[in-house]
Amino acid sequence: MTEDRTSKGRWGRGQVLDAMRGSLTVSCQAYPGEPMRDPRTTAQVALSVVAGGAAAVRVQGLDDIAAVAAVVDVPVVGLWKDGADGVFITPTLRHALAVADAGAHVVALDGTRRPRPDGLTLAETVAGLREASDTLVMADCGSLDDALAAQDAGVDLLGTTLAGYTGERPKTDGPDLELVEAMVAACSLPVVVEGRVHTPAQAAAALACGAFSVCVGTAITHPTTLTSWFVSVTGSDR
C-alpha cells in the first residue's frame, strides 16, 4: 500500500482507494424525524457494519460524520444534504469544506451538470476544496455525461448515486447496470455503484460489470424501509 499519510490518521488518499477497491461501502443514514436520526445511533450502526466487514462507510450530516469518524477505523465518505430538490447533496463549496472539516476522508457531492446554488462550477468547487483539504472527492452522477464532465472537473471517484433521479435516465428496479458498464468503458476513474442495490446478487452483478466498489444503504441500515418490504407482502400494515 502507498504511504501518503495525511492529517486524518492512516487514511491517506492511496489508503482510502486501497480499502474501497473491490469491497463494500455501507451507507449509514436515517432521515429527519426518524427514531434512528441521532449521531450516537449512526455511530453504533457504523460500528456494526464495520464488524460485519464493511470496508468504508458513507454518512450524511456534520454531527454524524464527526461521531462516526471518531469511532471507526475505516474510511468515511461524508456528505451534507441541504434541501430536497435539485442539487442538494453537498451542494456548495461551503458544504464541501464543512464535510471535510467534520472528518470525512472522501467528500461526496452532487456531480451532475446542473447549476449549483452558489454559482460555482463543479470544477471550481473541486479546486476550492483541494486548496483547503486533502480529502478525496466523489461525484454523485446521474448519467454518463455527468460522469465525463465530473472526471474533467478533477474528482477522484464517480458514483451512480443519482441515476434515475435527474430525468436523464429511467429509474431502474435495481442498480443501473447499463450505466455502470457505460461509465466503466468511457471513464478512467473508479466507478462506485450506489443506488438501489438491494441484494448480494445485485452487488455481485455490479462488480462483474467492472465497478470499483459497491455502496449499499437501505438494504442494510434502514429498518423502516426493510420492514415495509415485508409488510407489503404479508398484508400486516396497520
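### Focus on the nonpolar core
Right, on to step 1. In terms of nonpolar packing, the biggest core is built from 39 residues, with Val 57, Val 68 and Leu 158 touching the most fellow members.
Right, on to step 2. Examining the composition of this core, we find that five residues originate from one element, helix H4 (residues 93-102), more than from any other.
Right, on to step 3. Leaving out residues up to four positions away in the same chain, Val 57 has contacts with Thr 25, Val 26, Cys 28, Ala 46, Val 49, Val 50, Val 68, Val 72, Val 74, Pro 75, Val 76 and Val 77.
Right, on to step 4. Core analysis: the next-biggest nonpolar cluster, separate from the first, contains 18 residues, Trp 11, Ile 89, Met 138 and Val 192 among them.

### Some words on the pattern of salt bridges
Right, on to step 1. Within the structure shown, the criterion is met by twelve salt bridges.
Right, on to step 2. In this structure, the salt-bridge partner of Asp 38 is Arg 40, at a minimum N-O distance of 3.0 Å.
Right, on to step 3. Through salt bridges that share partners, Arg 13, Arg 130 and Asp 156 make up one connected network.

### Some remarks on the layout of surface pockets
Right, on to step 1. Roughly 860 Å³ of volume is contained in the largest pocket.
Right, on to step 2. Contributing to the lining of the largest pocket are 36 residues, with Gln 29, Tyr 31, Lys 81, Thr 161 and Thr 218 lying nearest its centre.
Right, on to step 3. For the lining of the largest pocket, the secondary-structure elements that each account for two or more residues are strand E2 (56-60), strand E8 (213-216), helix H9 (218-221) and helix H10 (223-234).
Right, on to step 4. Sorting elements by how many residues they give to the lining of the largest pocket places H9 first, with three residues.
Right, on to step 5. Residues of the lining of the largest pocket, tallied by class, amount to 14 nonpolar, 13 polar and nine charged.

### Concerning the side chain of Ser 133
Right, on to step 1. Relative to the helices and strands, Ser 133 resides in the loop between helix H5 (122-132) and strand E5 (136-140).
Right, on to step 2. Judged by relative accessible area, which is 16%, Ser 133 ranks as buried.
Right, on to step 3. Of the polar contacts made by the side chain of Ser 133, one reaches the backbone nitrogen of Thr 135; its length is 3.1 Å.

### Comments concerning the environment of Ala 30
Right, on to step 1. Structurally, the position occupied by Ala 30 is in the loop between strand E1 (24-28) and helix H2 (39-51).
Right, on to step 2. It is 9.4 Å that separates the C-alpha atoms of Ala 30 and Val 59, two residues lying 29 residues apart in sequence.
Right, on to step 3. Those residues in contact with Ala 30, other than ones at most four positions away along the chain, are Met 36 and Arg 37.

### A closer look at the sheet that holds E5
Pairing between the strands of a sheet is mediated by backbone hydrogen bonds and can be parallel or antiparallel.
Right, on to step 1. Pairing in this closed barrel of eight strands is parallel, and the strands run E1-E2-E3-E4-E5-E6-E7-E8 around the ring. Taken over all neighbouring pairs, the strand axes of this sheet differ in orientation by 25° on average, direction set aside.
Right, on to step 2. When E1 meets E8, the two strands line up parallel, connected through three bridges. Within E8, the position partnered with Thr 25 by the bridge is Cys 215.

Reading guide: rules and limits
Residues numbered from 1 in each chain as written. Predicted model: local features only at pLDDT ≥ 70, side-chain atom pairs only at ≥ 80, totals over all residues. Heavy atoms only, no water. Core = buried A, V, L, I, M, F, W, Y, C linked by side-chain atoms within 4.5 Å. Buried < 20%, exposed > 50% of the residue type's maximum accessible area, 1.4 Å probe, protein only. Helix = DSSP H or I, 4+ residues; strand = E, 2+ residues; numbered from the N terminus. Contact = heavy atoms within 4.5 Å. Salt bridge = Lys/Arg side-chain N within 4 Å of Asp/Glu carboxyl O. 1 Å grid on protein atoms, 1.4 Å probe; cavity = no way out; pocket = protein on both sides within 12 Å on 5 of 7 lines; lining within 4 Å. Points joined across faces, edges and corners; volume = space filled by probe spheres on them. Nonpolar A, V, L, I, M, F, W, Y, C, P; charged D, E, K, R; others polar. Polar contact = N/O pair within 3.5 Å; in protein donor to acceptor, adjacent residues only side chain to side chain. Pairing = 2+ DSSP bridges. Axes fitted to C-alpha atoms, helices over the stretch in contact; angles between N-to-C directions.

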